[in-house]
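# Residue-level structure breakdown
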Amino acid sequence: MKISELTKHLNSDDPQYVFAGMITNKVLDGIAAGIEDVLSAQEATQKSYRKVFSIFIEMTQNIIFYSAHRIELEEDEAGFGALEIAFDGDIIKISAANPITDFQRQKIGEIMEQISRSSPEEITAIHKQKMFDSFDDPDSRGGGLGYFDIAKKSVKPIEFGFEETSDGSLMFRISAWA
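In this report, the structure presented in the accompanying data block is examined. (Residues numbered from 1 in each chain as written. Predicted model: local features only at pLDDT ≥ 70, side-chain atom pairs only at ≥ 80, totals over all residues. Heavy atoms only, no water.)

## Section: the environment of L83
Along the chain, L83 falls in strand β3 (residues 77-88). Under the relative-accessibility criterion, L83 is labelled buried at 3%. Distance from L83 to L145, taken between C-alpha atoms, is 19 Å for residues 62 residues apart in sequence. Filtering out sequence-adjacent residues up to four positions away, L83 remains in contact with L10, Y17, V18, F19, I23, F56, M59, T60, I63, S95 and A96. (Helix = DSSP H or I, 4+ residues; strand = E, 2+ residues; numbered from the N terminus. Buried < 20%, exposed > 50% of the residue type's maximum accessible area, 1.4 Å probe, protein only. Contact = heavy atoms within 4.5 Å.)

## So, the packing of helix α3 (residues 49-66) against helix α6 (residues 145-153)
At a minimum axis distance of 10 Å, the contact between α3 and α6 shows a crossing angle of 155 degrees. Accordingly, the angle class assigned to the pair α3 and α6 is roughly antiparallel. In the packing of α3 onto α6, the handedness of the crossing is left-handed. Together, K51, S54, I55, E58, M59 and N62 of α3 and G146, Y147, D149, I150 and K153 of α6 make up the contact between the two elements. When grouped by side-chain class, the residues that make up the contact of α3 with α6 number 4 nonpolar, 3 polar and 4 charged. (Axes fitted to C-alpha atoms, helices over the stretch in contact; angles between N-to-C directions. Parallel < 35°, antiparallel > 145°, perpendicular 65-115°, else oblique. Left-handed = near helix turned anticlockwise from the far one by under 90°. Nonpolar A, V, L, I, M, F, W, Y, C, P; charged D, E, K, R; others polar.)

## Digging into the layout of surface pockets
In this structure, the second largest pocket encloses a volume near 200 Å³. Lining the second largest pocket are 13 residues, with S118, I123, A151, P157 and I158 sitting closest to its centre. Elements represented by at least two residues in the lining of the second largest pocket include exactly α4 (102-117), α5 (120-135) and α6. Looking at the lining of the second largest pocket, its residues break down into 6 nonpolar, 5 polar and 2 charged. (1 Å grid on protein atoms, 1.4 Å probe; cavity = no way out; pocket = protein on both sides within 12 Å on 5 of 7 lines; lining within 4 Å. Points joined across faces, edges and corners; volume = space filled by probe spheres on them.)

## Examining a negative patch on the surface
Where like charges cluster on the molecular surface, the negative patch consists of D13, D14, D88 and D90. For D88, the location among the structural elements is in strand β3. (Patch = residues over 30% accessible without salt bridge, like charges linked within 9 Å, V, L, I, M, F, W, Y side chains within 5 Å. Areas by Shrake-Rupley, 256 points an atom, 1.4 Å probe, with all protein chains shown as cover. Salt bridge = Lys/Arg side-chain N within 4 Å of Asp/Glu carboxyl O. Lys, Arg positive; Asp, Glu negative; His and termini not counted. Charge placed at Lys NZ, Arg CZ, Asp CG, Glu CD.)

## A short note on the packing of helix α2 (residues 25-41) against α3
Any two packed helices are characterised by the angle at which their axes cross and by the distance between the axes. Orientation of α2 relative to α3, taken along the N-to-C sense of each, is 165 degrees, at an axis distance of 10 Å. Here α2 lies roughly antiparallel to α3, going by the angle between them. By crossing handedness, the relation of α2 to α3 is classed as right-handed. Contact residues: N25, L28, I31, A32, I35, E36, L39 and S40 in α2; Y49, V52, F53, F56, I57, T60, Q61 and I64 in α3. For the contact of α2 with α3, the residue count by class is 11 nonpolar, 4 polar and 1 charged.

## Quick word on the pairing of strand β6 (residues 170-177)
With respect to burial, β6 is a largely interior element, 7 of its 8 residues being buried. Sheet topology places strand β4 (residues 91-100) next to β6; 8 bridges connect them, and they run antiparallel. In the sheet register, A97 faces β6, and the bridge partner there is R173. Bridge count for strand β5 (residues 159-164) against β6 is 6 bridges, and the pairing is antiparallel. Across the sheet, residue E163 finds its bridge partner in β6, namely M171. (Pairing = 2+ DSSP bridges.)

Written out as structure tokens, the structure is:
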């Protein structure tokens, strides 16, 4: 999958950060520290930077854990994907895209449809229940918990989509606002 196919959906008019490629936890730590410093210092993002930062971290972890193009490293793991943080009027848009498998499309699609059908109150209740459920399973990576967390924190309904790329890969994209 070409990086340009990932980033074509991350084409906001006022981007602040765009990153595409293999993302590890070490890369996440470095990018996150810089983003947090810059967002907390800018007047336009001082009030929302914690929410922006939290959504960004969740989206990045989803790429690391679930990208169809992954590498297991000795003390880390890497996933292929793209991320963007951009101004969207007076709010911030956070977007991500990464390749997924057909199986993941079905699973993620079910989660996204449940989120789309749910009110903000229902999203909060489902998120809370999924959090409790994940405590009982030490091997769980959340079972969709992160997507509900993103939806709960977004000030607008999240947007998502699936697309087949030119090489036949399947791509998932998601956007949220803070």
